[in-house]
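Observations on the three-dimensional arrangement
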Amino acid sequence: AKIPTTHFFSSEKRMLWFCSFLASAACANALVGVQDISIEELISGQKLNAISLSGKDVLRGPYKVTSKKFAKQPGFDSSDPDVVVWYPEPLESTDSFPFISYSHGYSGGGLITYLAYDLILEHIASFGYVIAVPAACNTECHDDKTSLPLDPKTYAHYYYQQLKAIEWAQRQPQSVPAFAHVNFSMGVGVAGHSMGGQATLFSSAYNSSSHRIKAAVMHHAYTHTYPPPQVPFLAFTGSADTTAPPEMTHQFYNAPHAYPVRGLVNKKGAKHLEPNPLPGEYNPVLAQFTAAWFKLHLENVTQQFNIDFEALLKGDGPQSLCNGGDGEVVECEFAG
């Protein structure tokens, strides 16, 4: 089947929307002069090419992605029970897509959920994933106010929202377009940013068996509690992250009894908002490396769409994660 060549909204337009939401003139001014990017010529037939964005080779999956907000869903925290879902449009009737539950960071939920994470999650979904983000607990959870020392108040059980998203998604009928091609048979993935990184840590440490979690990716996890993940996990941090410094990631990465198959990336100069669409912070290749981890450890797929995902992560080539594909790194390693 021919891959659709729809013109996607450019990364820069999404960043400008986010800047305008934050009412940040400096943010918007940093984007002046940046050209629009179309992927019409990026995809041709079944062959995937690369484009250059901010000096990096950016790979996309072949699927056009749609997003939908499911308003006021039962079971989620009353602070905001909406759920935002990104899902790929199939190319064949037999296409099926694994599910990922993603948790937003502190002040990245509520009304801002879509703006804060659309760029990275649309990109990940293009590789063939249905991704749901509960909007609940933007700056506090309302229904369960349990807290942990040194963390934002009421966030001790924030990870329950990530688990509830898995349960909620499994209840959706196939007549709902977002879930018409979802495949839960292989298990699910979890991922998240900042406090959502902690949620991912907790879900993968405490509930991997009960919710059939098979793989996890943490983006700049903020946590002062360090349980060992019980599934293959990839943890991203950055040397310029002063909110969730690399030591937080080191603590759970090196936790006794952490799953032996794991990866750690400490990108030189990366700041805390690396997954968010802000100029100078957003990393356009973070999505492809996140998707590659799920290809390997959720789907057990090493090659697809003319991309060698194993080589992309662990290879020796200049596009691989530790050898220049993510720019300069302070630390980058894989175990197991």
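Treat the numbers as computed from the prediction; the structure is a model and nothing was measured. (Residues numbered from 1 in each chain as written. Predicted model: local features only at pLDDT ≥ 70, side-chain atom pairs only at ≥ 80, totals over all residues. Heavy atoms only, no water.)

Some points on the overall build of the protein chain
Along the backbone of the protein chain there are eight helices and 15 strands. Residue burial in the protein chain is summarised as follows: out of 336 residues, 57% are buried. Pairs at least 24 apart in sequence give 70% of the contacts found in the protein chain among residues at least 6 apart. Only carbon and sulfur atoms are counted for the fraction: they give 51% of the accessible area of the protein chain, which is about 13,300 Å². (Helix = DSSP H or I, 4+ residues; strand = E, 2+ residues; numbered from the N terminus. Buried < 20%, exposed > 50% of the residue type's maximum accessible area, 1.4 Å probe, protein only. Contact = heavy atoms within 4.5 Å. Areas by Shrake-Rupley, 256 points an atom, 1.4 Å probe, with all protein chains shown as cover.)

So, the sheet that holds strand β7 (residues 99-103)
Across the sheet, which stays open at both edges, the nine strands sit in the order β5-β6-β8-β7-β9-β10-β11-β12-β15 with mixed pairing between neighbours. Edge strands, defined here as strands with exactly one partner in the open sheet, are β5 (65-70) and β15 (329-335). Between one strand axis and the next, the sheet turns by 15° as a mean value, whatever way the strands run. Contacting β5, β6 (83-88), β7, β8 (130-134), β9 (188-193) and β10 (213-219), helix α3 (residues 113-125) crosses the sheet at an angle of about 25° to β6. (Pairing = 2+ DSSP bridges. Axes fitted to C-alpha atoms, helices over the stretch in contact; angles between N-to-C directions.)

Topic: the pairing of β7
Across the five residues that make up β7, a large majority, five, are buried. In the sheet, β7 pairs with β8 via three bridges, with the strands oriented parallel. In the sheet register, Ser101 faces β8, and the bridge partner there is Ala132. For the segment spanning β7, α3 and β8, crossover handedness is right-handed. Sheet topology places β7 next to β9; five bridges connect them, and they run parallel. If you follow Tyr102 over to β9, its bridge partner there is Ala191. (Right-handed = clockwise from strand over helix to strand, strands pointing away.)

A closer look at the environment of Thr243
Tracing the backbone through its elements, the reader meets Thr243 in the loop between β11 (233-238) and α6 (246-253). Looking at Thr243, the relative accessible area reads 40%, which means it is partly exposed.

Side note on the state of the cysteines
Under the counting rule described, the total for this entry stands at two disulfides. Between Cys137 and Cys141 runs a disulfide, and the two sulfur atoms are separated by 2.2 Å. Looking along the S-S bond of the Cys137-Cys141 disulfide, the torsion reads about 120°, which is the right-handed sense. Take Cys137 and Cys141: they sit in the same class, and that class is buried. (Disulfide = S-S within 2.5 Å.)

As for the packing of helix α4 (residues 159-171) against helix α5 (residues 195-206)
Between α4 and α5, the shortest axis-to-axis distance is 8 Å and the interhelical angle comes to 65°. It follows that α4 is roughly perpendicular to α5 by the angle criterion. Of the two elements, α4 crosses α5, and the hand of that crossing is right-handed. In contact with Tyr159, Gln162 and Leu163 of α4, α5 contributes Ala199, Thr200, Phe202, Ser203 and Tyr206. (Parallel < 35°, antiparallel > 145°, perpendicular 65-115°, else oblique. Left-handed = near helix turned anticlockwise from the far one by under 90°.)

Quick notes on the packing of aromatic side chains
A full pass over the atoms with the stated rule returns 20 aromatic pairs. Plain terms: the ring middles of Phe127 and Phe309 are 6.1 Å apart, the flat faces sit at 75° to each other, and that makes the pair edge-to-face. On the criterion of sequence distance, the pair formed by Phe127 in the loop between α3 and β8 and Phe309 in helix α8 (residues 309-314) is long-range, its members being 182 residues apart. On the basis of relative accessibility, which here comes to 0%, the residue Phe309 falls in the buried class. Linked through ring pairs, Phe70, Phe76, Trp168 and Phe179 together constitute an aromatic cluster. Over the aromatic face of Phe70 sits the side chain of Lys68, whose NZ or CZ is 5.2 Å from the ring centroid. In this structure, Arg262 packs its charged tip against the face of Tyr253, placed 5.1 Å from the ring centre. (Phe/Tyr/Trp six-rings, centres within 6.5 Å; stacked < 30°, edge-to-face > 60°. Lys NZ or Arg CZ within 6 Å of the ring centre and 35° of its normal.)

Some details on the pairing of β8
Of all five residues in β8, five are buried, a share of seventy percent or more. Side-chain alternation along β8 places Val130, Ala132 and Pro134 on one buried face and Ile131 and Val133 on a second face that is also buried. With four bridges connecting them, β6 and β8 associate as antiparallel partners. Bridging from a neighbouring strand, Trp86 pairs with Ile131 of β8.

A look at the side chain of Glu299
Mapped onto the secondary structure, Glu299 falls in the loop between α7 (286-297) and β13 (303-304). Among the polar contacts made by the side chain of Glu299, one reaches the side chain of Tyr129 at a distance of 2.6 Å. Leaving out residues up to four positions away in the same chain, Glu299 has contacts with Pro98, Tyr129, Met186 and Phe294. (Polar contact = N/O pair within 3.5 Å; in protein donor to acceptor, adjacent residues only side chain to side chain.)

Examining α6
For α6, a buried count of six out of eight residues is recorded, marking the element as mostly surrounded by other parts of the structure. Taken as a whole, α6 has its buried residues at Pro246, Met248, Thr249, His250, Phe252 and Tyr253. Along its buried surface, α6 packs onto α5, β10, β11, β12 (262-267) and β15.

Everything listed here is a matter of geometry and, on its own, says nothing about what the molecule does.
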